[in-house]
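Take a look at the letters that make up each chain.
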Amino acid sequence: MDRTPIPVLTVQTAPYEDQRPTGGGGLRRPTGLFESQRNYLPNFVQSLLSSISMQPTHVCIFLCKRIDSILGLYNFYPIHIYLYVCVCLLIFKSLIGRLVIGQNGILSTPAVSCIIRKIKAAGGIILTASHSPGGPGGEFGVKFEVANGGPAPDIVSDKIYQISKTLEEYAICPDLRVDLSRLGRQEFDLENKFKPFRVEIVDSVDIYLNLLRSIFDFNAIRNLLTGPNQIKIRIDAMNGVMGPYVRRILCDELGAPANSAINCIPLEDFGGQPPDPNLTYATALLEAMRGGEYGFGAAFDADGDRYMILGQNGFFVNASDSLAIIAANLSCIPYFCQMGVRGFGRSMPTSTALDKVAKVMKVPVYETPTGWRYFSNLMDSGRCSLCGEESFGTGSDHLREKDGLWAVLVWLSILAARKQSVEEIVRDHWTKFGRHYYCRFDYEALEPRTAYFIMRDLETLITDKSFSHQQFAVGNNIYSVERTDSFEYIDPVDGTVTKRQGLRIIFSDASRLIFRMSASSHVRATLRIYAESYEKDPSQHNKEPQAVLSPLIAIALKISQIHERTGRKGPTVIT
């Protein structure tokens, strides 16, 4: 250990007005903005760490994912190294005593949550572009996990933002050098610090893998993948952080052949494609599954918290159906047999397929705004065992984050227990509970003011008394409006009220139209339209979702005037 004290420098800076976290304590911006704006990244990290209330005995964990970094961004060293150097800016002042980092800077978001909870850390910082394009021409982000291992609640995000607006200086240790490839403890003497500062490099997979072993019957899954009636699987890591997890857990631990896994090498720009597990971007997996050789397929996003399931011949399982099917088959998972099921949670735009299962199981369903932080509160209070969102995020109370690999292992457990194909399981579910035809239409990269005014005018229109009970005739279909609202959520745990979380039109036949604006980047906005229609009759379960939902979409386009007001001819992505 080098005993020469490393200097801690104080750097003068100026605040930025645009560093309001967009949810869960996260800040996602174009890579070029981080490159061009002086001190933009250290300013936000300083504000984030200053928001943490901690005693000297607390441990702060810092976890980053090299795949989501931009190499050479500051011409000195990779951005992941730059950020942990920036984290050192508060080691001296905030009494942080230990830094925990995944080997080579790689950790999935579920693994971050797992480690925070395991070692009782004060929190964690994650570098991630999530499912957005990465690299120099894409986006880069910083996300903050709090002590329960979940996304920061709104009160913490607000505190970070208030600090960022008045920031005048940050501290940094520019001479600190940590070997991210070497497992174990590294200690450093810092100026004016009596105890050595400790950095611990941990195996990226070990702690998370041990948790999964305690949840699932690995022998049953291993027999499914290697036994006499084995199925062939195809897993696409989409050149994100999940490559090491797929190879270590699904291949090495559970016996899937090494060639089952594709795109497992982490790349800074994800191979030039958005690492978004859907039918638009996971085309390599879709084409492989359509060939009929594989019985099960899955894809993960860049940081491993989202997933997509495909069956043989490319049979697609939408995220809302996947959530409901998992809920209906929790008895296949030893963890739930032991812990029981207390309740379910879903984001408001997610289809109501989960509600049908909950009614049969006699457990409550909590309908929340989009954002995993709302589920965390429910799980901490013991109200919720399983949660999910239509954006391919599903998880349980084993963590406080959505967990893509966990969801894939649940599906493999169901296949092992029921000895049916993916398609057979889905169709049996539809026969028992009915089918919820569902689609999401994304209008991406809109000018924020245009998106704002579309939503403002829509809210004025649908909340007017004259809109209530209005009828829309589209072809042979007549839709009668039953109720409308701007979704508002009252947290049953602490009474916190969250308003204006999307516009809902609910028709008399239980069909729904939902409009919601997503602004994960401050530069451009995404307006999403969700359509849902319920069909009980099994003879009507073989239709194409877009065909079934086309009358609802026609209504949505008519009342929103989105094509006329944006100049678009259609959505960017349909899922």
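Procedures and definitions
Residues numbered from 1 in each chain as written. Predicted model: local features only at pLDDT ≥ 70, side-chain atom pairs only at ≥ 80, totals over all residues. Heavy atoms only, no water. UniProt positions renumbered as here; feature names shortened; annotations may be inferred. Helix = DSSP H or I, 4+ residues; strand = E, 2+ residues; numbered from the N terminus. Contact = heavy atoms within 4.5 Å. Pairing = 2+ DSSP bridges. Axes fitted to C-alpha atoms, helices over the stretch in contact; angles between N-to-C directions. Parallel < 35°, antiparallel > 145°, perpendicular 65-115°, else oblique. Phe/Tyr/Trp six-rings, centres within 6.5 Å; stacked < 30°, edge-to-face > 60°. Buried < 20%, exposed > 50% of the residue type's maximum accessible area, 1.4 Å probe, protein only. Lys NZ or Arg CZ within 6 Å of the ring centre and 35° of its normal. Salt bridge = Lys/Arg side-chain N within 4 Å of Asp/Glu carboxyl O. Core = buried A, V, L, I, M, F, W, Y, C linked by side-chain atoms within 4.5 Å.

As annotated in an unreviewed UniProt entry, the protein carries the name Phosphoglucomutase-like protein 5 and is attributed to Eudyptula minor novaehollandiae. Here the protein is described in UniProt, under the heading Sequence similarities (unreviewed entry), as follows: "Belongs to the phosphohexose mutase family." UniProt, in the comment section headed Subcellular location (unreviewed entry), describes the protein in these words: "Cytoplasm".

Time to look at the environment of Leu-211. Here Leu-211 is to be found in helix H7 (residues 206-215). Separated by 152 residues in sequence, Leu-211 and Val-363 place their C-alpha atoms 26 Å apart. With near-sequence residues (within four places) excluded, Leu-211 lies in contact with Cys-114, His-398 and Leu-399.

What follows covers the sheet that holds strand S5 (residues 139-145). The three strands are arranged S2-S5-S4 in an open sheet whose pairing can be described as antiparallel. Among the strands making up the open sheet, the edge pair consists of strand S2 (27-30) and strand S4 (124-127). If you compare each strand with its neighbour and ignore which way they point, the axes differ by 10° on average. In the sheet, S2 pairs with S5 via four bridges, with the strands oriented antiparallel. Across the sheet, Arg-29 pairs through a bridge with Phe-140, a residue of S5. In this fold helix H2 (residues 40-50) packs onto S2, S4 and S5, with an angle of close to 10° to the strand it touches most, S5.

So, on to the packing of helix H15 (residues 404-418) against helix H16 (residues 422-433). For the pair H15 and H16, the least separation of the axes is 10 Å and the interaxial angle reads 85°. Regarding the angle of H15 to H16, the classification is roughly perpendicular. Together, Trp-411, Ile-414, Leu-415 and Arg-418 of H15 and Val-422, Ile-425, Val-426 and Asp-428 of H16 make up the contact between the two elements.

Attention now moves to the UniProt feature "domain: Alpha-D-phosphohexomutase alpha/beta/alpha" (unreviewed entry) in the protein. UniProt tags residues 104-170, 208-313 and 332-433 as "domain: Alpha-D-phosphohexomutase alpha/beta/alpha" (unreviewed entry). What you have in residues 208-313 is 34% helix and 15% strand, and the ends, taken at the C-alpha atoms, are 32 Å apart.

Enumeration over the complete set of coordinates arrives at 12 aromatic pairs. Plain terms: the ring middles of Phe-34 and Phe-140 are 4.9 Å apart, the flat faces sit at 90° to each other, and that makes the pair edge-to-face. In this pair, Phe-34 is assigned in helix H1 (residues 31-36) and Phe-140 in strand S5, connecting sequence segments 106 residues apart. Here the two residues Phe-34 and Phe-140 agree in accessibility, since each one is buried. On the basis of an interplanar angle of 90° and a centroid distance of 5.1 Å, the ring pair of Tyr-335 and Phe-336 is categorised as edge-to-face. The two residues Tyr-335 and Phe-336 agree in class, both being buried. Against the face of Tyr-534 rests Lys-356, its NZ or CZ located 4.1 Å from the ring centre. Over the ring of Trp-430 we find Arg-435, and its NZ or CZ is 4.0 Å from the ring centre.

Quick look at the pattern of salt bridges now. In this structure the tally under the stated criterion is 29 salt bridges. Between Lys-143 and Asp-303 there is a salt bridge, and its shortest N-O distance comes to 3.7 Å. Within this pair, whereas Lys-143 is found in strand S5, its partner Asp-303 is found in the loop between strand S11 (296-300) and strand S12 (307-311), the two being separated by 160 residues in sequence. Comparing Lys-143 with Asp-303 shows no difference in burial state: the two are buried. Measuring nitrogen to oxygen at the nearest pair gives 4.0 Å for the salt bridge that ties Asp-179 to Arg-182. Taking relative accessible area as the criterion, Asp-179 reaches 33% and is therefore assigned partly exposed. What emerges from the salt-bridge pattern is a single network uniting Arg-346, Asp-355, Glu-367, Arg-483, Asp-485, Arg-504, Arg-512 and Glu-532.

Take the nonpolar core next. The biggest cluster of nonpolar side chains holds 76 residues, and the ones touching the most others in it are Phe-216, Phe-296, Leu-405, Trp-406, Leu-409, Trp-411 and Leu-412. It is H15 that contributes the most residues to this core, 11 residues altogether. If you look at the next biggest cluster of nonpolar residues, it comprises 31 residues, including Cys-439, Phe-467, Ala-525 and Leu-527.

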